[in-house]
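The lines below spell out each chain.
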Amino acid sequence: MIAMSDERLTDIDTIWTTISSAHTPGPKSQAAMEELVGRYHDAVTRYIHLKVRDKHLADEVLQEFWTKLLTGKLAGADKSKGRFRDYLRTVLHRLIIDHFRSRKLQQLPPGDLLDPSRPDDDFDHVWRESVIKRVWSRLETYEVNTPKNRYATVLHLRVGNPDAPIEDLAGQLAKQSGAKISPEAFRKTLQRARSKFLELLIQELRETIHPAGPDDIEAEIYDLGLGTLYRRYSEENAG
């Protein structure tokens, strides 16, 4: 499932190339900056508000982060450093620490801000939810752009009704689509939808880590706590 041809690999933009484009004069600059802001706005906002419990202070840190991004202060992101999420977490940690110290506040917010090498459960949780949200968005876009495709619709039905019989879900889809859907057809579409979801998850992660070989992608999946989903969808696709 993780394998991808060399031709496909060369066509994939990464977050590092997007950052570079965003800070390089030219017609692509604004589009790349909008992509960065849109991609990480919610995750960055949620994380800073988790770490900085004071809303006013959190908003100040957020303003400083977006100012740094928009003025090119983050243009030095380097893919050779590994995972973009580690780079971003380090940037946010330093911003929070510097902000508190500059205000001469005696105590930093709780957490592991002083040692970026240690796990940060808050950041991992926010990042994981951001990844899943973006994969869902990719799947929904794929459905919209692919005639007669119902992958996102079918997978949403199953995720929203985990214990419902396939017959009931097929009936719900038939009502939504106005077409007759057999349980077997629903089951096959669901299997293909899960396979596509996993493919898009791998694509999403490949854009944020370097190197991005199969072992690296698999390690990132497990590090993000998505191993159960990965095993289930992989085994189902293999079967």
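Up top you'll find the structure we're talking about.
Residues numbered from 1 in each chain as written. Predicted model: local features only at pLDDT ≥ 70, side-chain atom pairs only at ≥ 80, totals over all residues. Heavy atoms only, no water.

Turning next to helix H4 (residues 55-70). Here H4 contains 16 residues, and its C-alpha end-to-end distance of 22 Å stays within 8% of the 22 Å for a straight helix at 1.5 Å per residue. When H4 is considered as a whole, its buried residues turn out to be Leu 57, Ala 58, Val 61, Leu 62, Phe 65, Trp 66 and Leu 69. Buried residues along H4 sit against helix H3 (29-51) and helix H5 (84-102). In the segment just after H4, Gly 72 is the residue with positive phi, at about 85°. (Helix = DSSP H or I, 4+ residues; strand = E, 2+ residues; numbered from the N terminus. Expected span 1.5 Å × (residues − 1). Buried < 20%, exposed > 50% of the residue type's maximum accessible area, 1.4 Å probe, protein only. Contact = heavy atoms within 4.5 Å.)

So, on to the packing of helix H8 (residues 166-177) against helix H9 (residues 183-206). Running from N to C, H8 and H9 cross one another at 90°; their axes reach a closest spacing of 8 Å. By the angle between their axes, H8 is roughly perpendicular relative to H9. Contacts between H8 and H9 involve Ile 166, Glu 167, Leu 169, Ala 170 and Leu 173 on the former and, on the latter, Pro 183, Phe 186, Arg 187 and Leu 190. A per-class count over the contact of H8 with H9 returns seven nonpolar, no polar and two charged. (Axes fitted to C-alpha atoms, helices over the stretch in contact; angles between N-to-C directions. Parallel < 35°, antiparallel > 145°, perpendicular 65-115°, else oblique. Nonpolar A, V, L, I, M, F, W, Y, C, P; charged D, E, K, R; others polar.)

Let us look at unusual backbone geometry. For the bond from His 210 to Pro 211, the omega torsion is 0°, close enough to zero to count as cis. Along the chain, the position of Pro 211 falls in the loop between H9 and helix H10 (214-223). Even without being a glycine, Lys 148 presents a positive backbone phi close to 65°. By the secondary structure assignment, Lys 148 is in the loop between helix H6 (121-145) and helix H7 (151-160). By relative accessible area, Lys 148 is classed as exposed at 84%.

Time to look at the packing of aromatic side chains. Tallying each qualifying case throughout the model produces 11 aromatic pairs. Here the aromatic rings of Phe 65 and Trp 66 are separated by 4.9 Å at their centres, their planes lie at 75°, and the arrangement is edge-to-face. With relative accessibility at 3%, the residue Phe 65 sits in the buried group. Ring centres of Tyr 142 and Tyr 151 lie 5.9 Å apart, and the angle between their planes is 20°; on these two criteria the pair is classed as stacked. Judged by relative accessible area, Tyr 142 falls into the partly exposed class, the value being 29%. Sitting over the face of the ring of Tyr 142, Lys 196 holds its NZ or CZ atom 4.2 Å from the ring centroid. (Phe/Tyr/Trp six-rings, centres within 6.5 Å; stacked < 30°, edge-to-face > 60°. Lys NZ or Arg CZ within 6 Å of the ring centre and 35° of its normal.)

As a further point, take the packing of H3 against H6. The interhelical angle for the contact between H3 and H6, taken along N-to-C directions, is 150°, at an axis separation of 10 Å. Taken together, the axes of H3 and H6 are roughly antiparallel relative to one another. Every pair of crossing elements has a handedness; the one defined by H3 and H6 is right-handed. Between H3, through Glu 35, Arg 39, Tyr 40, Asp 42, Ala 43, Arg 46, Tyr 47, Leu 50 and Lys 51, and H6, the contact on the second element is made entirely by Asp 122, Phe 123, His 125, Val 126, Trp 127, Glu 129, Ser 130, Lys 133, Arg 134 and Arg 138. In terms of residue class, the contact of H3 with H6 is built from seven nonpolar, two polar and 10 charged. (Left-handed = near helix turned anticlockwise from the far one by under 90°.)

Don't take any of this as a statement about function, it's just geometry.
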